[in-house]
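# Residue-level structural notes
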Amino acid sequence: MNINIPLKADANLLDKPILPKKKERDMLALSPTANAVLTVLLGICCILMLIPIYVIVIASLTSEASLVADGYQLWPKEFSGMAYKFLFSQGSIVITAYKNTIISTVAGTALAVLMVGLYAYPLSRDNFKFKGFFTFFAFFTMLFGGGLVAYYMVTRQILQIQNSLWALFLPSAFSPFWVIVMRTFYKSNVPNEIIESARIDGANEWRTLFQIVMPLAVPGLATVALFSAIGIWNNFFNCLILVDEAKYYSLQFTIYTTLNNIRFLLENADKMQGIVNMSQLPSQTFRMAMAVVTVGPIIFAYPFFQRYFIRGLTIGAIKG
Amino acid sequence: MVLPGAIWLLLFSYLPMPGVIMAFKTYKLVKPPADSFIQNKFIYSLIKSPWVGLDNFRYLTLPTNIDATLTYIRNTVLYNLLFMVVGLVLSVALAVMIFEMTNRFLAKLYHSIFFLPFFVSWIVVAYVVYALGSSKGIINSIIVPMGFTPIEVYKEKLAWPFIFLIANIWRYTGNGSIIYLATITGIDRELYEAAAIDGAGKWKQFTHITLPHLIPVIVLLQILAVGRIFGSDFDMFYTLPNGAALVKDVTQTLDVFVYNMLRSTTPLGYPAAAAFVQSIVGFILILITNAIVRKTRPEMALF
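Fair warning: this is a prediction, and the values are worked out from it, not measured in the lab.

### With respect to the overall build of chain A
When its secondary structure is counted, chain A shows 14 helices and 0 strands. Moving toward the C terminus, one meets the helices and strands of chain A in the order α-α-α-α-α-α-α-α-α-α-α-α-α-α. Across the 320 residues in chain A, those meeting the buried criterion constitute 42%. Nonlocal contacts in chain A, meaning residues at least 24 apart in sequence, comprise 78% of its contacts between residues at least 6 apart.

Here's what the structure looks like:
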């Protein structure tokens, strides 16, 4: 078995800019016309990419009255920030969900970085006796799984993590894929000599890992952290299959159930005349605002990680 | 050092594996007697449940169910193939274009924008679909005044392949291009310079230098993707249609089908049989693909 996902072969590359400087590529540069066409074309694509985000923001800012009268508009007749005011004044369900999601994202990300960082290091060292076995042990799970039903029964009946905060992050706290990426990252970015000299200076395995190796592997670990954080923040599945009690709902699950409720009620409004008073339904814009604020915090994580992540972009060629 | 990760793998990945035998049993919950060695209800019941051979699979192919089963298999496989091909082409194209841009600041900005959707969860995308395509959605508020008949995506089967495709492109293209962009960055510039001197245009450079360098990455990712061909992006297929029953035929995939059976009163053996097919066929396909790759280009095989 010969899997190898290097995060860029030579260490110097991390300090090089990801794209070569203009001067270097003059000879290969596109003609000014071609470049202009490309820039405009991709610019248009970027604007298209932003449309869904625009849609959801504008929907959350539409006033309830204009929504009832004309539906959602590209540019509503009447704006209103009421939804946000309402969201932050009331909203115990949002606050609980927020709290749950923040705790599980932080805990899950920390666990992922630690477990992946620990697991991958021995696999990167040639003198680890069980290297082959543990590589296969992780890799095999990428190829074969017990299936949803078995997973559901095991997590609920044997591990019994349902209806707890653990359910929201423990199943996402480790990933064989990132183990393989990190293994290669250690291999290619932490020179053997450094590890050996730490050894000679009397550092044991643990000290070498935490004080010498991990600091050198920060870009790789930060990439693992970023992807785990996004994964857990946006996770819906764990909550769907493992949580039945509202006090452990995650943010994504909470906003999903609310969307589900409005759609059902609105579409069946005619059949339910007299049963449900439509004017008493929680406001639709309120729900849109809820969706907007779930995106917020995780996007703020991006610039924080970007420094490393742009380097992490050099996740080099996967070599088969 | 490998211990925490190994325990996690043991609990969350290896422990469920023997559970695949549920597909060949009629799972009945029995309380283990006090003197039993195994006190866990699930394990005890699993062992005690009677073997029924292929009965669970037969249920999925009964005349009343065969249409549904085939429809969900078709949806799963076709959507996966579509996403594989379109995702690959667009991600590579985006990586090449970003790399060729002369203005480095804009290139970085563009790439960040393309990556941005990856931060947005499928549930928020479900809200966007609702705000755009529901009966009171933005699309209707634009096309109805122009004289078109209003559309409502939750009742429109034809719309869903496009919604899923666009949503998939939107969320994953930027993320998918990262690995190709990184690979292209690693290619020796001198190769291109030599090619340019020999008179190769941009297209020739792409087919003769860039593409051959990308092939190993592409092959690896596609082998892994083939193994997941019976799986699906559960969150997307489950949340975007929002449970709309009228479009079930074009939106439901095996994953969602298994989940829905799991959560209904259907005997557990049935969803277990469907899940078994997913695991085993996926595994076999990955072995076959890898064997083919191994035959033709041994250095690119996964194992």
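Additional details are given in the paragraphs that follow.
### Some words on the overall build of chain B
Secondary structure assignment for chain B yields 14 helices and 0 strands. N-terminal to C-terminal, the α/β element order of chain B is α-α-α-α-α-α-α-α-α-α-α-α-α-α. A compact globule built from 303 residues should have a C-alpha radius of gyration of about 19 Å, whereas chain B, at 24 Å, is more than 25% larger. Taken along its principal axes, the extent of the C-alpha atoms in chain B is 80 × 60 × 40 Å. For chain B, the residues scored as buried account for 42% of the 303 residues in total.

### Quick notes on the interface of chain B and chain A
Between chain B and chain A, the contact holds 93 residues from the first and 83 residues from the second. In terms of residues, the side of chain B that touches chain A owes the most to one element, helix 6 (residues 122–133) of chain B, which gives 10 residues. Across the side of chain B that touches chain A, the residue classes tally to 65 nonpolar, 19 polar and 9 charged.

### Section: the domain arrangement of chain B
Residues and elements named next belong to chain B. Taken domain by domain, chain B holds domain 1 (17–52) and domain 2 (54–300). Taken over C-alpha atoms, the centre of domain 1 sits 37 Å from the centre of domain 2. At the junction of the two partners, domain 1 supplies 7 residues and domain 2 supplies 9 residues. In terms of residue class, the side of domain 1 that touches domain 2 is built from 5 nonpolar, 1 polar and 1 charged.

### Let's talk about the nonpolar core
Grouped together as the largest cluster of nonpolar side chains are 157 residues, with contacts concentrated most on I56(A), V116(A), V149(A), A126(B), Y127(B) and A131(B). For this core, the domains that each give at least three residues are domain 1 (17–52) and domain 2 (54–300) of chain B. The contacts of V116(A), once residues within four sequence positions are left out, are F174(A), S175(A), W178(A), V179(A), M182(A), V224(A) and G5(B).

### As for the environment of R228(B)
Position of R228(B) relative to the elements: it lies in the loop between helix 10 (202–227) and helix 11 (234–239). The sequence separation of R228(B) and N80(B) amounts to 148 residues, and the corresponding C-alpha distance is 8.3 Å.

### Things to note about the packing of helix 10 of chain B against helix 14 (residues 269–296) of chain B
All names here are of chain B. The contact between helix 10 and helix 14 brings their axes to 7 Å, and the two run at 150 degrees. When the interaxial angle is binned, helix 10 and helix 14 end up roughly antiparallel. Note on element contacts: helix 14 touches helix 10 through G282, F283, L285, I286, T289, N290 and V293, opposite V219, I223, V226 and G227. Looking at the contact of helix 10 with helix 14, its residues break down into 7 nonpolar, 4 polar and no charged.

### Things to note about the confidence of the model for chain B
Residues and elements named next belong to chain B. The predicted model of chain B averages 87 in pLDDT, with 100% of residues at 70 or higher. Between the elements of chain B, mean pLDDT differs from a low of 81, seen in helix 2 (residues 41–48), to a high of 92, seen in helix 4 (residues 66–100). Model confidence for the complex: the whole-complex pTM is 0.86, and ipTM, which rates the interface, is 0.86.

### Looking at the packing of helix 5 (residues 131–143) of chain A against helix 1 (residues 3–14) of chain B
Relative orientation of the contacting elements helix 5 of chain A and helix 1 of chain B amounts to 35 degrees, with a least axis distance of 11 Å. Seen from above, helix 5 of chain A lies across helix 1 of chain B with left-handed handedness. Facing helix 5 of chain A, whose interface residues are F134(A), F137(A), A138(A) and T141(A), helix 1 of chain B presents A6(B), L9(B) and S13(B). Here the residues of the contact of helix 5 of chain A with helix 1 of chain B are counted per class, giving 5 nonpolar, 2 polar and no charged.

### Notes on helix 1 (residues 32–61) of chain A
Residue and element names in this part refer to chain A. For helix 1, which comprises 30 residues, the first-to-last C-alpha distance of 41 Å matches the rise-based estimate of 44 Å (1.5 Å per residue) to within 8%. At I51, helix 1 is bent by approximately 35 degrees, the largest bend along its length, and proline P52 sits one to four residues beyond. Here helix 1 has its buried residues at L42, M49, P52, V55, I56, A59 and S60.

### A word on the confidence of the model for chain A
Low-pLDDT portions of the prediction should not be read for the details of their coordinates. All names here are of chain A. Summarising the model, chain A shows a mean pLDDT of 78, and 77% of its residues fall at 70 or more. Contacts for the low-pLDDT stretch residues 5–17, under 50 throughout, to residues beyond four places or in other chains number 32 contacts. Contacts for the low-pLDDT stretch residues 315–320, under 50 throughout, to residues beyond four places or in other chains number 33 contacts.

### Structural notes on unusual backbone geometry
Residues and elements named next belong to chain A. Look at Q160: it is not a glycine, yet its phi comes out positive at around 50 degrees. The residue Q160 is located in the loop between helix 6 (147–158) and helix 7 (166–169) in this model. Its 14 C-beta neighbours within 10 Å are what place Q160 among the partly exposed residues.

### Some words on the environment of Y256(A)
Looking at where Y256(A) falls in the secondary structure, it is placed in helix 13 (residues 251–267). For Y256(A) and F236(A), which are 20 residues apart along the polypeptide, the C-alpha to C-alpha distance reads 8.6 Å.

Conventions and cut-offs
Residues numbered from 1 in each chain as written. Chains lettered and ligands numbered in written order. Predicted model: local features only at pLDDT ≥ 70, side-chain atom pairs only at ≥ 80, totals over all residues. Helix = DSSP H or I, 4+ residues; strand = E, 2+ residues; numbered from the N terminus. Buried ≥ 20, exposed ≤ 12 C-beta atoms within 10 Å, placed from the backbone. Contact = placed C-beta atoms within 7 Å. Rg over C-alpha atoms; globule rule 2.2 N^0.38 Å. Nonpolar A, V, L, I, M, F, W, Y, C, P; charged D, E, K, R; others polar. Domains from an automatic or database assignment. Core = buried A, V, L, I, M, F, W, Y, C linked by C-beta atoms within 7 Å. Axes fitted to C-alpha atoms, helices over the stretch in contact; angles between N-to-C directions. Parallel < 35°, antiparallel > 145°, perpendicular 65-115°, else oblique. pLDDT = per-residue confidence, 0-100. Left-handed = near helix turned anticlockwise from the far one by under 90°. Expected span 1.5 Å × (residues − 1). Bend = angle between axes of the 7 residues up to and from the residue.

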